[in-house]
Amino acid sequence: MKILVCVKQVPDTNEVKIDPVKGTLIRDGVPSILNPDDANALEEALKIKDETPGTTVSVITMGPPQADDMLRECLAMGADEAYLLSDRAFGGADTCATSTTIAAGIKKIGDYDVIFAGRQAIDGDTAQVGPQAALRLGIPVVTYVQDVKLCEGKAIVQRQLENGYEILEVQMPCLLTAVKELNEPRYMSIGGIIDAYAKKVTIWNHEDVGLDPKDCGLNASPTQVFRSFTPAPKGKGEMLAGTAAEMAELLTEKLREKHYL
Ligand SMILES: Cc1cc2nc3c(=O)[nH]c(=O)nc-3n(C[C@H](O)[C@H](O)[C@H](O)COP(=O)(O)OP(=O)(O)OC[C@H]3O[C@@H](n4cnc5c(N)ncnc54)[C@H](O)[C@@H]3O)c2cc1C
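Residues numbered from 1 in each chain as written. Predicted model: local features only at pLDDT ≥ 70, side-chain atom pairs only at ≥ 80, totals over all residues. Heavy atoms only, no water.

Student: It is not clear to me how the sheet that holds strand β12 (residues 174-178) should be interpreted in this structure. Could you clarify?
Tutor: Sheets are built from strands paired through backbone hydrogen bonds, the pairs being either parallel or antiparallel. The 9 strands lie next to each other as β11-β10-β9-β12-β8-β1-β6-β7-β13, forming an open sheet whose pairing is mixed. Both edges of this open sheet fall to β11 (164-171) and β13 (201-204), since each of them pairs with a single strand only. Going from strand to strand, the sheet's axes swing by 30° on average, the running direction of each strand aside. Across 8 bridges, the pairing between strand β10 (residues 154-161) and β11 is antiparallel. Following the sheet pairing, Q158 is matched in β11 by I167. Helix α1 (residues 36-51) contacts β1 (2-6), β6 (56-62), β8 (114-118), β9 (141-151) and β12 of the sheet and is inclined by roughly 150° relative to β8. Against the sheet, helix α3 (residues 95-109) makes contact with β1, β6, β7 (81-85), β8 and β13, and its axis sits at roughly 145° relative to β6, the strand it touches most. (Pairing = 2+ DSSP bridges. Helix = DSSP H or I, 4+ residues; strand = E, 2+ residues; numbered from the N terminus. Axes fitted to C-alpha atoms, helices over the stretch in contact; angles between N-to-C directions. Contact = heavy atoms within 4.5 Å.)

Written as structure tokens, this is what we have:
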């Protein structure tokens, strides 16, 4: 069995702070990490590899050269191969252009049984790349996957819903997007870290994946970020006074004023 995992290097948004005076984001010293949902996606692929002899797990990312660090982390966790789609022509991509490039890379890798991706990246936060990549590859997709079993060319998948889950059977090859409830990602092993640096990361540019520069990056992005800004701070908290009934009354009034009720 051949499994591919789409992984993205993201700034650790838990570490991004807002400058209280300037109101801007403080990005200095913010570490780049493997996107958390992608760690769950990779863990699931590695679990299948542990249980199914002959399985290979490849990771693929589109990003700048420094994404190599994250790919080494994936190799140290147990992935067999890593692919980095890196080219200036890929820069400024929105989700449409990102998924076009990732799908082109996956097509070049060729035969695969299952593709895992994260549900969402913690920086862009759109949750669009997985489904769009599946569309471009012409394969079925199931999002919000919290459990999966593979048997006889099919994936039996639990898909998380707001207040429960649904069980779906999907023909392989398919793309599944992982949520954190799927599993607990493993740590890198010491031996894995050493081996990861001996492994080759394959780097492909637009020519390698057969894309014209007009079909990738900013040139192929129907959306463009027009303006970005830091949301206004929430303002001070307010203590309510009075009896429990009076405070409840006041609270309801305030929530109505803000149209929360
Ligand atoms: C310089 C710059 C300019 C940008 N300009 C725009 C713009 O004009 N308009 C706009 O809409 N967005 C823009 N973006 C954001 C960009 O679209 C997103 O970073 C990218 O498309 C991924 O979307 P997302 O982060 O929402 O991922 P999601 O859709 O939330 O990610 C879901 C899953 O898809 C996979 N995935 C996502 N990205 C990658 C990747 N690069 N490699 C491998 N797998 C991946 C992962 O498995 C991930 O968990 C810009 C980003 C940059 C850095």
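And the narrative resumes.
Student: So what exactly am I meant to see when it comes to the nonpolar core here?
Tutor: Nonpolar side chains tend to gather and get buried jointly when the protein is soluble and globular. Ranked by size, the top nonpolar core spans 37 residues in total, and within it V5, L42, V59, F116 and L176 carry the most contacts. In this structure, L42 is in contact with V5, V57, V59, C74, M77 and A79, ignoring residues within four places of it in sequence. Among the nonpolar cores identified, the runner-up in size contains 25 residues, and I102, A103, A117 and W204 belong to it. (Core = buried A, V, L, I, M, F, W, Y, C linked by side-chain atoms within 4.5 Å. Buried < 20%, exposed > 50% of the residue type's maximum accessible area, 1.4 Å probe, protein only.)

Student: Sorry, what's going on with the site of the ligand here?
Tutor: The environment of the ligand is formed by 30 residues, the closest being K8, D38, A121, T126 and V225. T61 places a polar side-chain atom, nitrogen or oxygen, 3.4 Å from a nitrogen atom of the ligand. For the ligand, an oxygen atom lies 2.8 Å from a polar atom in the backbone of A127. Contact with the protein chains removes 77% of the 940 Å² of surface that the ligand exposes when unbound. Of all the secondary structure elements, the ones that give two or more residues to the shell around the ligand are β6, α3, β8 and α4 (129-137). Residues that form the shell around the ligand fall into these classes: 11 nonpolar, 13 polar and 6 charged. (Near = heavy atom within 4 Å. Polar contact = N/O pair within 3.5 Å; in protein donor to acceptor, adjacent residues only side chain to side chain. Areas by Shrake-Rupley, 256 points an atom, 1.4 Å probe, with all protein chains shown as cover. Nonpolar A, V, L, I, M, F, W, Y, C, P; charged D, E, K, R; others polar.)

Student: Any chance you could explain a nonpolar patch on the surface here in plain terms?
Tutor: Judged by side-chain polarity, M188, I193 and Y197 come together as a nonpolar surface patch covering roughly 290 Å² of accessible area. Relative to the helices and strands, Y197 resides in helix α5 (residues 190-198). (Patch = residues over 30% accessible without salt bridge, like charges linked within 9 Å, V, L, I, M, F, W, Y side chains within 5 Å. Salt bridge = Lys/Arg side-chain N within 4 Å of Asp/Glu carboxyl O.)

Take it as geometry only, folks, not as evidence of what the structure does.
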